[in-house]
Number of protein chains: 2
Amino acid sequence: MSSIEISTFLKKHGIRPSFQRIKIYEYLVNHKTHPTVDTIYKELVNELPTLSKTTVYNTLSLFVENKITQLIFIEDNETRYDADYRTHGHFKCLKCGKIYDFKVETKETIEESLNGFEIKEEHYYIKGICKNCKQN
Amino acid sequence: MSSIEISTFLKKHGIRPSFQRIKIYEYLVNHKTHPTVDTIYKELVNELPTLSKTTVYNTLSLFVENKITQLIFIEDNETRYDADYRTHGHFKCLKCGKIYDFKVETKETIEESLNGFEIKEEHYYIKGICKNCKQN
DNA sequence: GTATCTGCAAAACATTTGCAATTCT
DNA sequence: AGAATTGCAAATGTTTTGCAGATAC
């Protein structure tokens, strides 16, 4: 996704496309590693030397409010962000720490036990050892 | 679960049953509300006036290490604990804040997309509006 | 020129750590 | 006595808040 596409995308979702916002969204979209605020900040501060963490926090909150980014909680003290807003699962490798996405569909058994409840967000995460770490 | 049963249970899991540990586990088992450290501390400090939050943290970490309690991350800055160590889902109501348990079985579609990965822990949580809040 | 956005510094929380006092065997 | 446990106080780390200056419409 290019800066111009991102700019249009942000406008479409009611967000004014400031330079910082474009850069932060660009980072999220092009690095599907579910980064933390700290990672995003450290990566972007080279390119935007005056960037502050406050702006990263503000911007990500804005993205979450406008539903173009979702929050991921897998570990304590480690809020992560994902530009993919569709429901999907996350697998975190306990050895290498990498996070993989996986496909998820709501199960009938869940729907049954939550009969009468209105589902707004679904989150799935699994911890274990990834294929790569098992082989090495 | 009575104090004596808890004492035996802790011993069985290699944990020395101190007074504080028994009380904390008792609270967890008898209040299936997935409390935070702060909630547990505030509830027990009446009964155990010298109790410190450090002890609550230490004890819960010990329980997690010994796999008699699981950690639940649903919100940021809000680590919760659950004496039920079996895999099950949590539904958090966005209106009343209450957390409900629901049954979950690993889906084939998840197993397929994680082929070759070793699953150690599975976590499912859903946010929405609970039956009770929808009716009122 | 008025709204919004950014970013610094300080505040607010949750959690961890070091260590001394206490408790248990 | 010796080992484990507890709890205070301080440190750490993350996120939020207040506010002043910069930027955009």
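These numbers come from a predicted model, not from an experiment.

Calculation rules
Residues numbered from 1 in each chain as written. Chains lettered and ligands numbered in written order. Predicted model: local features only at pLDDT ≥ 70, side-chain atom pairs only at ≥ 80, totals over all residues. Heavy atoms only, no water. Helix = DSSP H or I, 4+ residues; strand = E, 2+ residues; numbered from the N terminus. Buried < 20%, exposed > 50% of the residue type's maximum accessible area, 1.4 Å probe, protein only. Contact = heavy atoms within 4.5 Å. Areas by Shrake-Rupley, 256 points an atom, 1.4 Å probe, with all protein chains shown as cover. Buried area = accessible area lost by both parts, 1.4 Å probe. Salt bridge = Lys/Arg side-chain N within 4 Å of Asp/Glu carboxyl O. Polar contact = N/O pair within 3.5 Å; in protein donor to acceptor, adjacent residues only side chain to side chain. Near = heavy atom within 4 Å. Pairing = 2+ DSSP bridges. Axes fitted to C-alpha atoms, helices over the stretch in contact; angles between N-to-C directions. Core = buried A, V, L, I, M, F, W, Y, C linked by side-chain atoms within 4.5 Å. Phe/Tyr/Trp six-rings, centres within 6.5 Å; stacked < 30°, edge-to-face > 60°.

Caption draft 1: Layout of the overall build of chain A. Along its length, chain A carries 6 helices and 5 strands. Overall, chain A shows an N-to-C arrangement of helices and strands of α-α-α-α-β-β-β-β-α-β-α. Taken over the C-alpha atoms alone, chain A extends approximately 50 × 45 × 25 Å along its principal axes. Every one of the 136 residues in chain A was classed for burial, and the buried ones make up 45%. A sequence separation of at least 24 residues applies to 49% of the contacts in chain A between residues at least 6 apart. Here chain A has roughly 7,400 Å² of accessible surface; of this, 47% comes from carbon and sulfur atoms.

Caption draft 2: Here's a closer look at the interface of chain A and chain B. Facing 36 residues of chain A, the contacting portion of chain B comprises 36 residues. Taken together, the two surfaces of chain A and chain B that pack against each other cover about 3,400 Å², and 61% of this comes from carbon and sulfur. The three residues of chain A that bury the most area against chain B are F73, F117 and Y125 of chain A, which together make up 19% of that side's buried surface. Summed over the shared surface of chain A and chain B, the result is 2 salt bridges. For E118 of chain B, the salt bridge identified is with K134 of chain A, shortest N-O distance 2.8 Å. Summed over the shared surface of chain A and chain B, the result is 10 residue pairs in polar contact (both at pLDDT 80 or more).

Caption draft 3: Representation of the protein's contact with DNA strand D. Near DNA strand D, the surroundings consist of 15 residues, among which Y57 and T79 of chain A together with S18, R21 and T50 of chain B are the closest. Per the 4 Å cut-off to the protein, sugar and phosphate atoms form 79% of the nearby atoms of DNA strand D. Between DNA strand D and T79 of chain A, the relevant distance is 2.8 Å, taken from a phosphate oxygen to a side-chain nitrogen or oxygen of the residue. In this structure, R21 of chain B approaches DNA strand D through a side-chain N or O atom, which is 2.7 Å from a phosphate oxygen. Counting residues per element, the ones that place at least two in the surface near DNA strand D are helix 4 (53-65) of chain A together with helix 2 (19-30) and helix 4 (53-65) of chain B.

Caption draft 4: How the structure looks around the sheet that holds strand 5 (residues 118-129) of chain B. Taken together, the 6 strands give an open sheet; going across it, the order is 4(A)-3(A)-5(A)-5(B)-3(B)-4(B), and neighbouring strands pair in mixed fashion. Two strands in the sheet have a free side with no partner beyond their single neighbour: strand 4 (99-102) of chain A together with strand 4 (99-102) of chain B. Across the sheet, the mean angle from the axis of one strand to that of its neighbour is 25°, orientation sign disregarded. Inspection of the sheet shows strand 3 (residues 89-93) of chain A paired to strand 5 (residues 118-129) of chain A by 5 bridges, in the parallel sense.

Caption draft 5: Region of the structure containing the pairing of strand 1 (residues 70-75) of chain A. Residue and element names in this part refer to chain A. Sheet topology note: the strand 1/strand 2 (residues 78-82) ladder contains 5 bridges and is antiparallel. Residue Q70 lies in a different strand from strand 2, and its bridge partner there is D82. Hairpin connection from strand 1 to strand 2: 2 residues lie between these consecutive antiparallel strands, with N77 at a positive phi of about 50°.

Caption draft 6: Looking closely at the nonpolar core. Counting 26 residues, the largest nonpolar core has F91 and F102 of chain A together with F91 and F102 of chain B as its most contacted members. Secondary structure elements with two or more residues in this core: strand 3, strand 4 and strand 5 of chain A together with strand 3 (89-93), strand 4 and strand 5 of chain B. If we ignore the near neighbours within four places in the chain, the residues touching F91 of chain B are L114, F117 and E118 of chain A together with K98, I99, Y100, F102, I126, K127, G128, I129 and C130 of chain B.

Caption draft 7: Structural detail: the packing of aromatic side chains. Scanning all chains against the criterion turns up 11 aromatic pairs over all chains. The interplanar angle of 85° and the centroid separation of 5.4 Å between the aromatic rings of Y25 of chain B and F63 of chain B together place this pair among those described as edge-to-face. Separated by 38 residues along the polypeptide, Y25 of chain B in helix 2 and F63 of chain B in helix 4 bring together distant segments of the chain. The pair Y25 of chain B / F63 of chain B is uniform in exposure class, with both members buried. Among the aromatic side chains, those forming a connected cluster through ring pairs are F9, Y25 and F63 of chain A.

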